[in-house]
Amino acid sequence: MRNAPRIIAATAATAATFALALGGATAAYAGHDSNPSDKVASYSYSLDAVQPGTVPMSEANGTTRVKALPNGKLQVTVEAWGLSPNLPHAMHLHGVPGDATDMACPGPAAAGGDGVVTVLDGAPFYGGILTSLTSTGDVSPASALALDRFAMADASGYLYYQRTFTDAAGYADAGTVQVVVHGIDFDGNGMYTFNEADPFSSRSSSLGAGIPLEATVPVLCGGVAN
Ligand SMILES: [Ca+2]
Ligand SMILES: [Cu+2]
């Protein structure tokens, strides 16, 4: 059965699994400050490859800007190069809800024995999902894997994303979130699928045996702490 091409669809069950596995960081920021005299806080940083160089198609790079606007809105911009082309890339604000805690990004050493930094390998570094950086619709952790609503890389692997969120989780801690971009088409077949003939594409996501590793594997991460 795993030989059959299976493109990951944005099922609610899959998304819920993803959010749960990452701690389901859904705590509300009910008390955040929307005082109109707040200053704009803007954080720009690089997005760096998290995988060992031996992982195919993983040497991307990028930049991001997280801007907390005084009206309670959060603007997130992501620009990346070298991503797997013509595919959507799940992206999230990761972190720890509540008191500001600056997390970090995993490096290649987090890969462990299997040679790949999986979502769960990275979670102790970047925390759970605070906000799903979708292009339209819901932005909660429940949309973590809603691949039909994430930005696509173009044919050259370039991706541009910008969205302004209202009451996004992460607003209160805009300086402590990590931006994580996921998805690597290891075998270059243009799909996030299982491919038993490929040593990487044959693997399951750390989030579930039915999900291809390709769809969820982190490729880029960045944050103020890094
Ligand atoms: Ca593939
Ligand atoms: Cu993520």
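Reading the values: the criteria
Residues numbered from 1 in each chain as written. Chains lettered and ligands numbered in written order. Predicted model: local features only at pLDDT ≥ 70, side-chain atom pairs only at ≥ 80, totals over all residues. Heavy atoms only, no water. Buried < 20%, exposed > 50% of the residue type's maximum accessible area, 1.4 Å probe, protein only. Helix = DSSP H or I, 4+ residues; strand = E, 2+ residues; numbered from the N terminus. Pairing = 2+ DSSP bridges. Donors = N, O, S within 2.8 Å, 3.2 Å for Na, K, Ca; no water. Axes fitted to C-alpha atoms, helices over the stretch in contact; angles between N-to-C directions. Contact = heavy atoms within 4.5 Å.

Time to look at the pairing of strand E5 (residues 128-132). Counting buried positions over the five residues of E5 gives five, a clear majority of the element. Pairing of strand E4 (residues 91-95) with E5 involves four bridges; the strand directions are antiparallel. Looking at E5, one finds that His92 is bridged to Ser132.

So, about the coordination of the copper ion (ligand 2). Protein-derived coordination of the copper ion (ligand 2) comes from His92 (ND1), His94 (NE2) and His182 (NE2), at a distance range of 2.0 Å. Spacing between the donor residues of the copper ion (ligand 2) along their common chain follows H-x1-H-x87-H. Of this pair, His92 sits in strand E4 while His182 sits in strand E7 (residues 178-182), placing them 90 residues apart in sequence. The burial state of His92 is the same as that of His182; both residues are buried.

The eight strands are arranged E5-E4-E7-E10-E1-E2-E3-E6 in an open sheet whose pairing can be described as antiparallel. Strand pairing shows two members of the sheet lacking a second neighbour, E5 and strand E6 (159-166), which therefore form its edges. Each strand of the sheet is rotated relative to its neighbour by a mean of 25 degrees, with strand direction disregarded. Pairing geometry for E7 and strand E10 (residues 218-223), over five bridges, is antiparallel. Considered in E10, the bridge of Val180 is made with Cys221. The sheet strands contacting helix H2 (residues 119-126) are E4, E5, E7 and E10, and the helix crosses E7 at an angle near 170 degrees.

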